[in-house]
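Notes for the structure review
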Amino acid sequence: MARTLVIGASGGIGSAVASAAAERGDEVTGLSRSGDGLDITDPDSVDRIVGRLSGTFDLVLVATGALVVDGYQPEKSVRALEAEGLMGQFRVNTIGPALILKHVLRLLPRDRRSVFAALSARVGSIGDNRLGGWHSYRASKAALNQIVHGAAIEVARTHKQAVCVCLHPGTVETPFTAEYADRHDTVPADEAAANLLNVIESLKPDQTGKFFDYAGREIPW
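For the structure given in this document, a descriptive report is provided here. Please read these numbers as outputs of a predicted model, since none were measured by experiment. (Residues numbered from 1 in each chain as written. Predicted model: local features only at pLDDT ≥ 70, side-chain atom pairs only at ≥ 80, totals over all residues. Heavy atoms only, no water.)

1. A short note on the pattern of salt bridges
Evaluated as defined, the whole model comprises 11 salt bridges. The salt bridge partner of R33 is D39, with a shortest N-O separation of 3.4 Å. In this structure, R112 and D58 form a salt bridge, with 2.8 Å as the shortest nitrogen-oxygen distance. Highlighted residues: R112 in the loop between α4 (83–104) and β4 (114–119) and D58 in the loop between α3 (43–50) and β3 (59–62), separated in sequence by 54 residues. (Salt bridge = Lys/Arg side-chain N within 4 Å of Asp/Glu carboxyl O. Helix = DSSP H or I, 4+ residues; strand = E, 2+ residues; numbered from the N terminus.)

2. Quick word on the packing of aromatic side chains
Where two aromatic rings form a pair, the distance of their centres and the angle of their planes describe that pair. Enumeration according to the criterion identifies 2 aromatic pairs in this entry. Ring geometry for W134 and Y137: centres 6.2 Å apart, planes at 75 degrees, overall edge-to-face. Overall, the relative accessible area of 7% leaves Y137 in the buried class. Relative to W221, the ring of F211 has its centre 5.6 Å away and its plane inclined at 20 degrees; by these criteria the two rings are stacked. Separated by 10 residues along the polypeptide, F211 in strand β8 (residues 211–213) and W221 in the segment after β8 bring together distant segments of the chain. (Phe/Tyr/Trp six-rings, centres within 6.5 Å; stacked < 30°, edge-to-face > 60°. Buried < 20%, exposed > 50% of the residue type's maximum accessible area, 1.4 Å probe, protein only.)

3. Thoughts on the nonpolar core
L5, L38, I100 and F116 are the most contacted members of the largest nonpolar core, which totals 30 residues. Counting only elements with at least two residues in this core, the list comes to β1 (3–7), α3, β3, α4, β4, α5 (135–158) and β5 (162–168). At 5 residues, the largest contribution of residues to this core is made by α5. Not counting residues up to four positions away in its chain, the partners in contact with L5 are T29, L31, L53, F57, L59, V60, L61, V104 and L107. Residues A20, L61, A189 and L197 belong to the second largest nonpolar core, which totals 26 residues. (Core = buried A, V, L, I, M, F, W, Y, C linked by side-chain atoms within 4.5 Å. Contact = heavy atoms within 4.5 Å.)

4. Quick look at the packing of helix α1 (residues 12–23) against helix α6 (residues 189–202)
Where α1 contacts α6, the axes come no closer than 8 Å and their chain directions differ by 65 degrees. In the crossing of α1 with α6, the sense of the turn from one axis to the other is right-handed. Two secondary-structure elements touch here, α1 through G12, I13, A16, V17, A20 and A21 and α6 through A189, D190, A193, L196 and L197. When its residues are assigned to classes, the contact of α1 with α6 shows 9 nonpolar, 1 polar and 1 charged. (Axes fitted to C-alpha atoms, helices over the stretch in contact; angles between N-to-C directions. Left-handed = near helix turned anticlockwise from the far one by under 90°. Nonpolar A, V, L, I, M, F, W, Y, C, P; charged D, E, K, R; others polar.)

5. Quick word on the state of the cysteines
For the structure on display, the rule yields 0 disulfides. The cysteine C164 is free of any disulfide, with C166 supplying the nearest cysteine sulfur at 9.5 Å. Overall, C166 belongs to the buried group, its relative accessible area being 0%. (Disulfide = S-S within 2.5 Å.)

6. With respect to the pairing of β5
The buried fraction of β5 amounts to 7 of the 7 residues, a majority that puts the element mostly inside the structure. By the bridge criterion, 6 bridges tie β4 to β5 in an arrangement that is parallel. Across the sheet, L119 pairs through a bridge with L167, a residue of β5. As defined by bridge partners, β5 adjoins β8 across 3 bridges and the pair is classed as parallel. Directly across from C166, in β8, lies its bridge partner F211. (Pairing = 2+ DSSP bridges.)

This is the structure in C-alpha cells:
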C-alpha cells in the first residue's frame, strides 16, 4: 500500500487529493492548520508536528497557498507594492513550503520511487509572464519554484528515484479563487485532484526539478 502525506489537507484542493488518494487505496496522512495546528510559516510548529511523523511516504504533496494574505490584494501596478504584503506572500507561499520540504526529506524512501510535489501557479512562471501585475504573488511562487528546482538537484544525489516538482492545478473552484473565478475557466476540486494525481503517477525520475500543469505539460520557469 502506498503512503501519501498531504500538507494543507483541510483546503479545497488538499482535501480533494486526500480523498482521491484514499479511494485509490493509499494510506493517507493529512495535516493542516485547522485540524492539527500546523502553521507552515512557524518553524517550531513544523518541527513539532511534521517531526513526529515516522516511516516513509511515496507521495508528499504540499497543497497550501494564499492569494490574499493579511488583507493585501493582488497588485495591479508596481506602485501598489507594500513591504508587508510582499513579506506575507513569501511567508505563506515560499517559506512555508520550503520548511515542509526541509523536514520531509527524511520521509522519502531511498529504495524506490517517491514524489515530492508543491502546488505552485502558472503566474509564477517568469518566462510565461506577459501581463505583469500580481507582483507579490508571482514573486513568491517564482521563489518556490526555484527552491524546489534546487532541492531536486540535491535530493537526486541520495534518492535516485525521487521526483521533486512544482505543479499548477489550474483555477480550481475553491474559496481561494472565488473572487477571480469569473475571469478563468475553472474545474471542481475533485476533478483537479484527479488531474494532479494522474500527472504525479506519470512522472519519471528524469523529470525531477521541473514545473508541470494539470495536464502534464511542462511550464517554463
